[in-house]
Amino acid sequence: MKRFLSLVFVGISLAACTPLSNLNSFSGLDNYEVQWTGTKGSKLFGSYVVGSKTPSTPSRAEKVTEILPYKVSFSAPKNTLISAAGGTVNQGTVEIKIFKNGSECGKAAFVGSGAVANKVCQ
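Peer 1: For this particular structure, what's the right way to read the side chain of Ser-42?
Peer 2: If you trace the backbone, Ser-42 turns up in the loop between strand 1 (29-38) and strand 2 (43-52). Not counting the four nearest positions on each side in its chain, Ser-42 is found in contact with Glu-66, Ile-67, Leu-68, Thr-88 and Asn-90.

Peer 1: Looking at this structure, I do not really get the pairing of strand 2. What am I missing?
Peer 2: Look at any regular strand and the pattern is simple: side chains alternate between the two faces of the sheet. Here 8 bridges tie strand 2 to strand 3 (residues 60-67), and the two strands are oriented antiparallel to one another. In the sheet register, Ser-47 faces strand 3, and the bridge partner there is Lys-63. Two strands pair when backbone bridges link them, and strand 2 and strand 5 (residues 80-88) are joined in this way by 9 bridges, in the antiparallel orientation. Note that in strand 5 the partner of Gly-46 across the bridge is Gly-86.

Peer 1: Would you explain the sheet that holds strand 6 (residues 94-100) in this entry?
Peer 2: Two orientations exist for strands paired in a sheet by backbone hydrogen bonds: parallel and antiparallel. Strand order in the open sheet formed by 4 strands is 4-1-6-7, and the pairing between neighbours is antiparallel. Looking at which strands have only one partner, the edges of the open sheet turn out to be strand 4 (70-77) and strand 7 (103-105). Taken pair by pair, the neighbouring strands of this sheet meet at an average axis angle of 30°, ignoring direction. For strand 1 and strand 6, the ladder comprises 7 bridges, and the chain directions are antiparallel. When the sheet's bridge partners are listed, Gln-35 is paired in strand 6 with Lys-97.

Peer 1: I keep staring at the pairing of strand 1 and nothing clicks. Help me out?
Peer 2: One ladder, built from 8 bridges, connects strand 1 with strand 4; its direction is antiparallel. Considered in strand 4, the bridge of Val-34 is made with Val-72.

Peer 1: Honestly, the side chain of Glu-33 in this entry has me stumped. Any pointers?
Peer 2: Here Glu-33 is to be found in strand 1. Buried within the structure, Glu-33 lacks any salt-bridge partner; Lys-71 is the closest side chain of opposite charge, at an N-O distance of 4.1 Å. A polar atom in the side chain of Glu-33 sits 3.2 Å from the side chain of Ser-73. The contact partners of Glu-33, leaving out residues within four places of it in the chain, are Lys-71, Val-72, Ser-73, Lys-97, Ile-98 and Phe-99.

Peer 1: Please explain the packing of aromatic side chains as it appears in this structure.
Peer 2: Working definition: an aromatic ring pair is given by the centre-to-centre distance plus the angle between the planes. A complete count under the given rule lists 4 aromatic pairs for this structure. Judged by centre distance (6.3 Å) and plane angle (55°), the rings of Trp-36 and Tyr-48 are tilted. On the criterion of sequence distance, the pair formed by Trp-36 in strand 1 and Tyr-48 in strand 2 is long-range, its members being 12 residues apart. In terms of burial, Trp-36 and Tyr-48 fall into one category: buried.

Peer 1: Sorry, what's going on with the pattern of salt bridges here?
Peer 2: It is possible for side chains bearing opposite charge to pair when their charged atoms get close. One pass over the structure, following the stated rule, counts 3 salt bridges. Lys-100 serves as the salt-bridge partner of Asp-30, at 3.8 Å between the closest nitrogen and oxygen. Remark: Lys-100 occurs in strand 6 and Asp-30 occurs in strand 1; sequence separation between them is 70 residues. Each of Asp-30, Lys-78 and Lys-100 takes part in one network of salt bridges that share partners.

Rules and cut-offs
- Residues numbered from 1 in each chain as written.
- Predicted model: local features only at pLDDT ≥ 70, side-chain atom pairs only at ≥ 80, totals over all residues.
- Heavy atoms only, no water.
- Helix = DSSP H or I, 4+ residues; strand = E, 2+ residues; numbered from the N terminus.
- Contact = heavy atoms within 4.5 Å.
- Pairing = 2+ DSSP bridges.
- Axes fitted to C-alpha atoms, helices over the stretch in contact; angles between N-to-C directions.
- Buried < 20%, exposed > 50% of the residue type's maximum accessible area, 1.4 Å probe, protein only.
- Lys, Arg positive; Asp, Glu negative; His and termini not counted.
- Salt bridge = Lys/Arg side-chain N within 4 Å of Asp/Glu carboxyl O.
- Polar contact = N/O pair within 3.5 Å; in protein donor to acceptor, adjacent residues only side chain to side chain.
- Phe/Tyr/Trp six-rings, centres within 6.5 Å; stacked < 30°, edge-to-face > 60°.

Okay, structure coming up:
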């Protein structure tokens, strides 16, 4: 029993020496890239939202009116929800990819010719 208590005390002591930034998975920033692809040269009407899960931090919505293909890169706090949507007027297809720290994430909610694509990443 004494050995067990000694091991527990050592474990607690080591944890106390670990910086809080290493223990808190919500600190720091993640890097994001949102890509809209589809019928090349089609005019994209879309948006992306950087949504905070924390009530005290405001969310941000950005409008995108560009020509396909188009991409935007930014950083956001770890406790963030990213979503993107887009469509074209001329029945062109739109595909959205969201990358978080270099890895693709999110699933398309609705994609099709003439339809609006929508994707979410958290």
